[in-house]
Amino acid sequence: MIQHFPILAIMVLFLGAFLTVLCGKNKVLRNIVVFAAMLASSVFIAFLIKPIMIDGEVITYWLGNWSPVADYAIGICLVVDQLNLFFAILVSVAVLLAGVFSFKYMSRDDTLEKYFTLFLMLSGGVMGLVLSGDLFNMFIMVEILTFAAVALTAFRNRSEGALEAAFKYLVIGVIGSSCILIGTTILYSQFHTLNLAQLSVLLHNNLQPATILAFTLLLTGFAVKAFVVPFHPVEADANAAAPSSVSVIISCVLTKAGIYGIIRIVYFLFRSMNLAPLQFILVLIGTLSMFIGVTMALAQKDFKRLLAFHSISQVGYVMTAIGLATALGVTGGLYHAINHTLFKGLLFLCAGAVFYATGTTNLDKLGGLAKRMPQTAALFLIGAFSISGLPPFNGFVSKWLIYQATYEKAVEFGNIGYAFVTIIALVVSVMTLASFIKVSQSVFFGQLPDEFKEVRETPVPMRIPMWIMAALCVGAGLLPQYMMRYLINPAVYAVMNVGNYIGSVMGPGYAEKIAGQTVEAYSSEFALAGYWSPISWLALFAIIICAFFIVSLSGGKLSKKIHSDSPSGLDPKYDTFFSGEANEHSQVGGSDLFWGFKHNLRHYFDFMHNAHSGVISDYALWAFCFLSFMIVYLFIIV
Amino acid sequence: MSTSEVNGLIIVNYIGSVFLIAIGFYTMMAKKNIMKIVIGMGIVDYGINLLIVSVGFNPGGTAPIFTINELDPGTFFVDPVPQALTLTSIVIGACVTALALSLVIKIKQEYGTLDAGQIRRLRG
């Protein structure tokens, strides 16, 4: 009975998608169908938790009962090991809460049956991706979810930039999907199978030029889906233009689907994480995403676009931690993945609530909403504290694990570069906090503009999913030992030890028979630095204070270049003000809280602003440069 | 033609498919007209389809259509799996093109241009 649950969890979502169209104009029936589909899928996933996470089983389901004949897997299979289930839980939580939120949030739009059809297809696509045990099926699911996400991005096609964002997302998405498909084809031509478990055995210690090329293409393809650095502008555009409930899915679920793909490729399919240069390049990509994401976020004027850039930054943390290839690093990465889903989901829902109440997400126009929307403000603060990594909330736990993991990596390998990663991670965390101070100041505090005097708190059906997310954020922060025991540790064990997966799919002893060797078991043991150990805290504060000093000292030196008579047509707010009345009234807008900091680093910010030119050809060029670089790099190191 | 000659000729398919993929990728990054970008996406797709179907080719193999009685260990046929993959990929490619073209129509109505250099309200 239980082995049918994975396919049912996918099928009910697709079934719901097509039944939604049949409901026609009957709103109540349609909402019931959508809710039932999402709930049923979550319940099926929840039933899998006990056998897989606690008892340690791996469930394999062969569609049409096409099980392997003579050690050759021809049929399509779904495999649920602890890692798959970890991501499936993450997907079903985010989909359920975002779906419930959208019942009320989207109620002012028309053609909602199409919205919910696409929404459920998107959910089904992601669910299919994370449960599939077959490379080509992963490609199909990637395509389904890209289509649905593109169409949903353009759903409010009257809103500013929605069509443009959707088109850019489609072009970059097609580059990613093409890479995945070419990689799959090359692997098929070498090994005549598409099954992940069989490929993993055949590929072990078998890196020829063809498989290295396939590896690069697959890695690039899933990196596009995770929106790490050279592919990030499309995510920012898409998240800013899409309805908030869809932004939750794009930012929290689709990026995680890409991360899942990367983990499957590097840890499972090619088992190549023992290569130090590969670890280096993944950590480098992650660190760049972290830094570029947060600095771009500091310069944003739109609430949702700012959140989108933070999402890139947080996915950078996950990528960095995954790239470390230590048990502690993977633990931190997966923990941060689930935390990012919770707090970023909450923040996007808050942005949706603000948009629902006021009709804008422009930070310069908003202000003082805490008086009118106290609950949304409180929820936003919980999300903001979580993402900035303040102690009692969940972001702190996972960021702490990542700091510790990068630092231990530096100590273990005697490589000072990884210690720099720790420092960058800390600085990025500080800048995240700064950026959220800006948002809370310009949206929820400060002066309430006259046109928002009559704004009302969002309706209860929208607040319920937000409160649930907030409760999960606090829960994941206060009870890390339970999260570890039931979710993270089994998943980390599955990442580090691939033997169970292969044994479950191809029958026990397959790897030994074909490759003539056992699959080595890696240790997933690690010592955790105490959360409340005073010495560690002292070190943390010392580093943070150093970071502040570096920022403020560099600011102090550079600021001497500004003169009161600065000609150059700069905004008068950059001038030194002595006394008397200014001729021109200079107003610091809500989005401009850190204008001094931004002014001092204006060369960097101007460069980044110009680089994100909004021209799709440029973004495509970045993508191909990344692909070419990865091909050259991987051929050199292997 | 002998088997080895056919076997040698299949390299033409691989060269052709890589060539198509390269042209498509070049079009996507070098052309500013979004219509041409969509065409580039289509060309990449055709290149990949050619690549997949060439992978399944066995020189001298027959079409993979048999009843269960005709199958014996000596039957030699081309690999049917890549053909199934190609069909799926063609369908997906058609969907991509349709979705992209519908977006292009809407963008043309909204922006009044097809120049990617002017379709950049979201930037920075």
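Residues numbered from 1 in each chain as written. Chains lettered and ligands numbered in written order. Predicted model: local features only at pLDDT ≥ 70, side-chain atom pairs only at ≥ 80, totals over all residues.

### Considering the overall build of chain A
For the record, the criterion: Numbered from the N terminus, helices here are DSSP runs of H or I no shorter than four residues, and strands are runs of E no shorter than two. The exposure label follows from counting other C-beta atoms within 10 Å of a residue's C-beta, where the C-beta atoms are placed from the backbone and the thresholds are 20 or more for buried and 12 or fewer for exposed, leaving partly exposed in between. Any residue pair is listed as a contact if its two C-beta atoms, each placed from the backbone, are within 7 Å.
Looking only at helices and strands, one finds 25 helices and two strands in chain A. Evaluated residue by residue, chain A yields a buried proportion of 57% over its 638 residues. A separation threshold of at least 6 residues defines the contact pool for chain A, and within that pool the share at least 24 residues apart is 79%.

### Some points on the overall build of chain B
Regarding its fold elements, chain B presents three helices and zero strands. If you list the helices and strands of chain B from N to C, you get α-α-α. Buried positions account for 30% of the 124 residues belonging to chain B. Summarising the internal contacts of chain B: among those between residues at least 6 apart in sequence, 58% fall at separations of at least 24.

### Focus on the environment of Val44(B)
Residue and element names in this part refer to chain B. Mapping Val44 onto the fold places it in helix H2 (residues 34-55). Val44 gets classed as buried once you count the C-beta atoms within 10 Å, which come to 27. Along the sequence, Val44 and Val81 sit 37 residues apart, while their C-alpha atoms lie 21 Å from each other.

### Details of the environment of Thr295(A)
All names here are of chain A. Positionally, Thr295 belongs in helix H11 (residues 276-298). The exposure class assigned to Thr295 is partly exposed, which follows from the 19 C-beta atoms found within 10 Å. Through-space distance from the C-alpha of Thr295 to that of Val428 is 8.4 Å; in sequence the pair is 133 residues apart.

### So, the environment of Ile402(A)
All names here are of chain A. Assignment of secondary structure puts Ile402 in helix H16 (residues 394-413). By the C-beta count within 10 Å, which is 29 here, Ile402 ends up buried. The spacing of Ile402 and Ala547 is 145 residues in sequence and 18 Å in space, taken between C-alpha atoms. Excluding residues that lie within four positions of it along the chain, Ile402 makes contacts with Tyr317, Thr320, Ala321, Gly332, His336 and Ala425.

### Describing the packing of helix H7 (residues 196-203) of chain A against helix H20 (residues 499-506) of chain A
Two quantities define a packed helix pair, namely the angle between the helix axes and the distance between the axes. Residues and elements named next belong to chain A. Applied cut-off: Between N-to-C directions, angles cover 0 to 180 degrees, with each direction set by a line fitted to C-alpha atoms, over the stretch in contact for helices. Angular relationships are summarised with four words: roughly parallel below 35 degrees, roughly antiparallel beyond 145, roughly perpendicular across 65 to 115, and oblique for the angles in between. Handedness of a crossing is defined here by the sense of rotation of the near helix relative to the far one, left-handed for an anticlockwise turn of less than a right angle and right-handed for a clockwise turn.
H20 packs onto H7 with a crossing angle of 120 degrees between their chain directions and a minimal axis gap of 9 Å. Considering the angle they form, H7 stands oblique to H20. The chirality of how H7 crosses H20 is left-handed. On H20, the residues that touch Ala197, Gln198, Ser200 and Val201 of H7 are Tyr501, Ile502, Val505 and Met506.

### Points about unusual backbone geometry
When glycine is set aside, most residues are seen to have a negative phi, and most peptide bonds are trans. All names here are of chain A. Of note in the backbone geometry, His192 takes a positive phi value of approximately 55 degrees without being a glycine. Following the sequence through the fold, His192 ends up in the loop between helix H6 (162-191) and H7. In this structure, Ala325 takes a positive phi of about 65 degrees despite not being glycine. Counting through the fold element by element, Ala325 comes out in the loop between helix H12 (303-323) and helix H13 (327-358).

### So, the interface of chain B and chain A
What counts, and what does not: We call Asp, Glu, Lys and Arg charged. Ala, Val, Leu, Ile, Met, Phe, Trp, Tyr, Cys and Pro are nonpolar, and the rest, Gly among them, are polar.
If you look at the interface, chain B gives 35 residues, while chain A gives 36 residues. Elements that contribute at least two residues to the side of chain B that touches chain A include exactly helix H1 (3-30), H2 and helix H3 (80-111) of chain B. Looking at the side of chain B that touches chain A residue by residue, the classes come out as 24 nonpolar, four polar and seven charged.

### Observations regarding the nonpolar core
Rule in force here: In this description, a nonpolar core means buried residues of the types Ala, Val, Leu, Ile, Met, Phe, Trp, Tyr and Cys, linked to one another by C-beta atoms lying within 7 Å.
In terms of nonpolar packing, the biggest core is built from 258 residues, with Ala94(A), Leu145(A), Val171(A), Ile249(A) and Leu346(A) touching the most fellow members. In this structure Leu346(A) touches Leu379(A), Ile382(A), Gly383(A), Met466(A), Met469(A), Ala470(A) and Cys473(A), once residues within four positions along its chain are discounted.

### A closer look at the packing of H12(A) against H16(A)
Residue and element names in this part refer to chain A. Running from N to C, H12 and H16 point in directions that differ by 40 degrees, and their axes come no closer than 10 Å. The angle between H12 and H16 places the two elements in the oblique class. The hand of the H12/H16 crossing is left-handed. On H16, the residues touching Tyr317, Thr320 and Ala321 of H12 are Lys399, Ile402, Ala405 and Thr406. Across the contact of H12 with H16, the residue classes break down as four nonpolar, two polar and one charged.

### Looking at helix H3 (residues 82-105) of chain A
Cut-off, in case you're wondering: The span one expects for a helix is its residue count, reduced by one, times 1.5 Å.
For H3(A), built from 24 residues, the straight-helix expectation of 34 Å at 1.5 Å per residue is met to within 8% by its first-to-last C-alpha distance of 34 Å. Among the 24 residues that make up H3(A), 22 are buried, leaving the element largely enclosed by the rest of the structure.

### Notes on helix H8 (residues 209-226) of chain A
Residue and element names in this part refer to chain A. Helix length check: H8, at 18 residues, gives a terminal C-alpha distance of 26 Å against a target of 26 Å (1.5 Å per residue), a fit within 8%. Across the 18 residues that make up H8, a large majority, 14, are buried. Phe227, located one to two residues past H8, shows a positive phi value of around 55 degrees.

### Points about the confidence of the model for chain B
Residue and element names in this part refer to chain B. Going by this rule: Scored from 0 to 100, pLDDT reflects the predictor's confidence in each residue.
For chain B, per-residue confidence averages 87 on the pLDDT scale, and residues scoring 70 or more make up 94% of the total. No element of chain B has a lower mean pLDDT than H1, which averages 86, and none a higher one than H2, which averages 93. Scored by ipTM, the complex comes to 0.94, with pTM at 0.89.

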